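Coordinate analysis (summary)
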Amino acid sequence: MIALLMRDLRLATRAGGGFGLGLAFFLIVCTLVPFGVGPQGGTLALIAPGILWVGALLACLLSLDRIFALDWEDGSLDLLATAPLPLEGAVLVKAAAHWITTGLPLVAAAPVFGILLHLPGAAQPWLVAALALGTPALSMLGAFGAALTVGLRRGGLLMSLLVLPLYVPTLIFGAEAVRRGAAGGDGTTPLVLLAGITMAVLAAIPFAAAGALRVNLR
Amino acid sequence: MMVELGRYAVPVLTAWGISAALIVGLIVQTLAAGARARRALEEVERRG
Amino acid sequence: MSIWEYANPVKFMRTSGAVLPWVAAAAAVSLPAGLLWGWLTPEDYKQGATVKIMFLHVPAAMMAINIWVMMLVASLIWLVRRHHVSALAARAAAPIGAVMTLVALVTGAVWGQPMWGTWWEWDPRLTSFLILFLFYLGYMALWGAVENPDSAADLTGVLCLVGSVFALLSRYAVNFWNQGLHQGASLSIAPGERMSAVYKYPLYLCMAGFFLLFLTLLLLRTRTEIRRRRTAALLAREVRA
């Protein structure tokens, strides 16, 4: 499992900066939004939690097709399916690799983007905590979507249609925690619910994703 | 038959109109697709 | 005789062909009758003539949810027992469900305009229906995209399972997110806000009409899907020969 994780991470970093791209995209979103809504700090602070979360969602979505596509093309996915490691485990590892390359940098860099968008200082810890708890679910659900569409030639757009509705609960609770933090309140309740969703997703979705992969490998 | 709708005539008629269009559209599409599938199958069976 | 016999496409074609005219006739009678009855109901003292929208809005919303549940059951049957008719019925039901969701959304928006003063409100019920609509779209898109019919049935089945959980989850998440303007269920058993009989009985008839319409369309579309599948199989045999 660890060998697979290391391999995926190496591939991601070698094939054109897996760490950088998601962050750069995130930065562009955070730069463009003020152009759209105007530079007033008050407005920006109000919508900052939503922008940051939607930006994280999109940054995650952009790199999803890479989870299985490359392995599918060169046939290593077939090897993984017949390996002693259960396919569920392989899916989990691949989602983890995706999270480390896209989710983790976002979590680490989120406070900087928060400052760009005038997010109140009180909300910063909530933002980091919510992203840290929520983005693993995004990667895992994304792996499910990628598993569903892996055999398709033009699966990218379809995958967004399949995956984005699944992100709704995570987005709601994640943004709510940050918003409550920004209002100086206590965001624990949405944060706990968010963590619950992530745990459930991590426990259950690998089976669904592995099932979908097996169908596509048939 | 003509019912007095009062000041809500526009929303009521819009809602009924759009719904009728959608549902009739679905029915027509279903029938058309059914006829097409039936014809295609007959065609293939005749050939086979 | 077991219910599983209907999983045999030939048997299904025969039975559904025999039943179809009756169901269609029942739908053709009950739906216009219910709608006409609803159309002729008196104005509500509070909502005026807009109550007439209810006879479309409530049955469509009810069917939108129930069709998804039906698809879930059909998908489960396919995944567990691998009856082709079941998978095809789930596929046939999806566009009907999507249209019902759209009808519920549109009538709701048009109704909300005079009542709440806005076309669209990010209200929990409205928002969950929008999400449900997205799920229908994704489900249909996946069916259309996968070429191998058995793989398509498997993948959409899994998507339907996961989607059901998340649709439910979204429903509660959205509740948490925003308390809405929308009233509770129109036909609740709880005392208090009971609907007057003037509206209740035509509404029941409309619901029955919508259900029968769904059944008619479902049978028609499932038959179409079976014919399509058979055509494709025959063509494939020709190519091989």
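Residues numbered from 1 in each chain as written. Chains lettered and ligands numbered in written order. Predicted model: local features only at pLDDT ≥ 70, side-chain atom pairs only at ≥ 80, totals over all residues.

What follows covers the overall build of chain C. On a plain count of helices and strands, chain C comes out with 6 helices and 0 strands. Helices and strands appear in chain C in the N-to-C order α-α-α-α-α-α. In chain C, which comprises 241 residues, the share counted as buried stands at 45%. Long-range contacts, defined as pairs at least 24 residues apart, comprise 79% of the intrachain contacts of chain C with a sequence gap of at least 6. (Helix = DSSP H or I, 4+ residues; strand = E, 2+ residues; numbered from the N terminus. Buried ≥ 20, exposed ≤ 12 C-beta atoms within 10 Å, placed from the backbone. Contact = placed C-beta atoms within 7 Å.)

A few words now on the packing of helix α1 (residues 9-39) of chain C against helix α6 (residues 197-240) of chain C. All names here are of chain C. It is the contact of α1 with α6, at a shortest axis distance of 7 Å, that shows an interaxial angle of 150 degrees. Taken together, the axes of α1 and α6 are roughly antiparallel relative to one another. Crossing angle aside, the handedness with which α1 passes α6 is left-handed. (Axes fitted to C-alpha atoms, helices over the stretch in contact; angles between N-to-C directions. Parallel < 35°, antiparallel > 145°, perpendicular 65-115°, else oblique. Left-handed = near helix turned anticlockwise from the far one by under 90°.)

With that out of the way, let us pick up the interface of chain A and chain C. Chain A puts 19 residues into the contact, and the matching count from chain C is 22 residues. If you list the elements that add at least two residues to the side of chain A that touches chain C, you get α7 (124-148), α8 (156-163), α9 (168-182) and α10 (188-217) of chain A. Residue composition of the side of chain A that touches chain C, grouped by class: 15 nonpolar, 2 polar and 2 charged. (Nonpolar A, V, L, I, M, F, W, Y, C, P; charged D, E, K, R; others polar.)

Feature annotation in UniProt places "transmembrane region" (unreviewed entry) on residues 12-32 of chain B, given in this structure's numbering. For the annotated span residues 12-32 of chain B, helix accounts for 100% and strand for 0% of the residues, and the straight-line distance between the end C-alpha atoms is 30 Å. (UniProt positions renumbered as here; feature names shortened; annotations may be inferred.)

The subject of this paragraph is helix α2 (residues 51-81) of chain C. With 31 residues, α2 of chain C extends 45 Å between its outermost C-alpha atoms, agreeing within 8% with the 45 Å of an ideal straight helix rising 1.5 Å per residue. Phi turns positive, to about 55 degrees, at Arg 82 of chain C, one or two residues after α2 of chain C. (Expected span 1.5 Å × (residues − 1).)

Okay, the arrangement of the chains next. Counting contacts across all 2 pairs of chains found in contact, the highest total belongs to chains B and C. Between chain A and chain B there is no contact; the minimum C-alpha to C-alpha separation amounts to 23 Å.

Let us now look at the nonpolar core. Val 91, Ala 130, Leu 141, Phe 144, Ala 147, Ala 209 and Ala 212 of chain A are the most contacted members of the largest nonpolar core, which totals 153 residues. In terms of residue count, helix α3 (residues 84-116) of chain C provides more of this core than any other element does, 19 residues in total. With residues near it in sequence (within four places) discarded, Leu 141 of chain A still touches Val 163, Leu 166, Tyr 167, Val 201 and Ile 205 of chain A. (Core = buried A, V, L, I, M, F, W, Y, C linked by C-beta atoms within 7 Å.)

A separate point is the environment of Trp 53 of chain A. All names here are of chain A. On the secondary structure map, Trp 53 appears in helix α3 (residues 41-62). For Trp 53, a count of 28 C-beta atoms within 10 Å corresponds to the buried category. Along the primary structure Trp 53 and Gly 134 are separated by 81 residues, whereas in three dimensions their C-alpha atoms are 9.6 Å apart. Those residues in contact with Trp 53 that lie beyond four places of it in its chain are Leu 171, Gly 174 and Ala 175.

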